[in-house]
Amino acid sequence: MAKSATVNVGPGGKTAVRIVVCGEKGTGKSSLIVTAAADTFPANVPPVLPPTRLPEDFYPDRVPITIIDTSSSMEDRSTVGEELRRADAVVLTYACDRPETLDGLSTFWLPELRRLEVKVPVIVVGCKLDLRDENHQVSLEQVMMPIMQQFREIETCIECSALKQIQIPEVFYYAQKAVLHPTGPLFDQESQALKPRCVRALKRIFILCDLDRDGALSDAELNDFQVKCFNSPLQPSEIVGVKRVVQEKLREGVNERGLTLAGFLFLHALFIEKGRLETTWTVLRKFGYNNDIKLADELIPSASFKRAPDQSVELTNETVELLRGIFELFDVDNDNTLRPIEVDDLFSTAPECPWDEAPYKDAPEKTALNGLSLDGFLSQWALMTLLDPARSVENLIYTGYPGDPSVATRVTRRRRLDRKKQQSERNVFQCFVFGPKHAGKSALLNSFIGRPFSDDYNSTTEERYSVNVVEHGGIRKTLVLREIPEDGVGKLLSNKEPLAACDIAVFVHDSSDATSWKRATELLVEVASHGEDTGFEVPCLIVAAKDDLDSFPLAIQDSTRVSQDMGIEFPIPISSRLGDFNNIFRRIVRAAEQPHLSIPETEAGKSRKQYHRLINRSLMVVSVGAAVAIVGLAAYRVYAARKNTSSS
């Protein structure tokens, strides 16, 4: 039986590195490639080489390299562009004896890479170093500094000579290293500092290694860290040396308990400045980070989120209790509120605060100073788990979730089964809020999270969310209101499954405007019809907003007729201006808990049901008739058999 070939997986999960070499004609591209591969200068080389492979043992990372030579002819530019788009790294050449080729980097080649949207590391290589005029010696740093400041994608610069065998292997080593251990995610060349996401990841790693939680890595903790990341212990003299280097440059980097977070970060900045990026990358990858300095996908238990369209994901009760403890831990001033600075501290070990952007930023109830109560805090987590469970669990891990992340959440029962059981067991309900413009949808969402009423009207063009805890009958449920702009209803219903995620739909209209009422009922029929067609029927409530204004003529008559015809509750009057909400949020939750009730029926739906009843009745009659016929035939056979017996 033949053995399957094993593929060596390098740092960052790379199994191969593809390097494309380009530059002006005659700058030495092909000679550079041949000399690197054959370790000898070629007497003759073709205009363009075929792909050249450097074996995996060529460099220490043991990842094979494929080098792509390119043509310098104008008619081949489209082919060159295709190769560049497939590159992991680009080697851009100029000739040391031809200054105009150096100028061409900034006037053509580097802008061309940007035009092609080639977003990979660039290694600038000065070839033919042996031919440079000795009377015009200029340092490489002096020449390249202005170009590197303009084009930050340049990873490094090097000069070489294929003829004299000067720094040829280094060219592709730096190119491979730039792919496997990139500078960009870690270090800001302009500010000469670690990038924020890198700092956050290293802070989390520091906290995980600080086992006694005293804010410093002791000698024993430093040694454990070294063994975990590099599989070799530190000698006592090496630990002393490391701390001495830090303390000489940064006094607060070391204290009587050991290496502080500031010292830990300083060490990594020092490694990077000295070109030892592989050290920091090794640490990050040992703790599960990918090249975007986020936890690798395989560490997020995506299998635990698999669900049918009409199922949702919630945090378990145990996880909610853990979050209560986290809230208390980060509520430093014990005011039962997480101030923005305390929320930032909570997520300081995550790539960024997930709640700084839509839809989370404005979804929960906040204090006058923009703080979060415990209910607001838990509501945010519930919303994130509902909308993006993988991201929710990922952030739980970043913030110190100690257990198995695959059991941090649970998948709810299917909604169609809830309707059959006539009871929902969910702790988080999602309510779609429909209605025409000016109906009062946004005012309803704002009131749910304690925002004052405003007469200023701003049309909602994008979906938005409000989330809060609703208590009724001693039970606390989280309710998510999702406002659907009128212009977005058509797009929402153009797909088969959008209502599958909906626990209940609310239709808001301006009770003083007959046109608003008419449009709200049209939306109700659209949504109900879609539910009937797809099998994802949802309970529905009608909300008569602006109850402080005079109702339009025939309002009671029309609303009574529609409610009776569709078999749902009479419209619920509310006034956001007066703060009179008629227990609307509790009524929404109650209707969601009993999903078999309040499901509207359209005329088409009623006709379809009637048709199915007739078909079923006909089938029953046919079945009974067939049964009678079978029984009659059997009786006849028995009679005939007996008759034959008696006559014989």
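Residues numbered from 1 in each chain as written. Predicted model: local features only at pLDDT ≥ 70, side-chain atom pairs only at ≥ 80, totals over all residues. Heavy atoms only, no water.

Going by an unreviewed UniProt entry, the chain carries the name Mitochondrial Rho GTPase and comes from Dipteronia dyeriana. Quoted straight from UniProt, the Sequence similarities (unreviewed entry) entry for the chain says "Belongs to the mitochondrial Rho GTPase family." A UniProt comment under Subcellular location (unreviewed entry) is attached to the chain, and it reads "Mitochondrion outer membrane". (UniProt positions renumbered as here; feature names shortened; annotations may be inferred.)

A.B. asks: Could you give me a rundown of the overall build of the chain, with the residues and numbers involved?
C.D. replies: Within the chain one finds 21 helices and 19 strands. The globule rule puts the C-alpha radius of gyration for 648 residues at 26 Å, and the 35 Å found for the chain is more than 25% above it. In terms of principal-axis extent, the alpha carbons of the chain reach across some 120 × 90 × 55 Å. Expressed as a percentage of the 648 residues in the chain, the buried residues total 47%. Here the analysis covers contacts within the chain between residues at least 6 apart in sequence; of these, 71% occur between residues at least 24 apart. On the chain, the mean spot of the 77 positive side-chain charges and the mean spot of the 90 negative ones are 8 Å from each other. (Helix = DSSP H or I, 4+ residues; strand = E, 2+ residues; numbered from the N terminus. Rg over C-alpha atoms; globule rule 2.2 N^0.38 Å. Buried < 20%, exposed > 50% of the residue type's maximum accessible area, 1.4 Å probe, protein only. Contact = heavy atoms within 4.5 Å. Lys, Arg positive; Asp, Glu negative; His and termini not counted. Charge placed at Lys NZ, Arg CZ, Asp CG, Glu CD.)

A.B. asks: A description of the packing of aromatic side chains should follow, citing residues and the corresponding values.
C.D. replies: This model, assessed by the stated rule, comprises 16 aromatic pairs. Here Phe58 and Tyr59 contribute two aromatic rings whose centre-to-centre distance is 5.0 Å and whose plane-to-plane angle is 80°, an arrangement assigned as edge-to-face. You can call Phe58 partly exposed: its relative accessible area is 30%. Its relative accessible area of 8% is what places Tyr59 among the buried residues. Both rings, one in Trp355 and one in Phe377, keep their centres 5.9 Å apart while their planes meet at 75°; by these two values the pair is edge-to-face. Residue Trp355 is found in the loop between α12 (340–346) and α13 (374–387), and its partner Phe377 is found in helix α13; the two are separated by 22 residues along the sequence. Exposure class is identical for Trp355 and Phe377. Each is buried. Ring-pair connections join several aromatic residues into one group, and the members of that group are Phe327, Phe347, Trp355, Phe377 and Trp381. (Phe/Tyr/Trp six-rings, centres within 6.5 Å; stacked < 30°, edge-to-face > 60°.)

A.B. asks: Explain the confidence of the model for the chain to me, and be specific about the residues and the numbers.
C.D. replies: Close reading of the predicted structure is inappropriate where its pLDDT is low. For the chain, the average pLDDT comes to 91, and 92% of its residues sit at 70 or higher. Note on residues 1–5: pLDDT is under 50 here. Beyond four places in sequence and across chains, it has zero contacts. (pLDDT = per-residue confidence, 0-100.)

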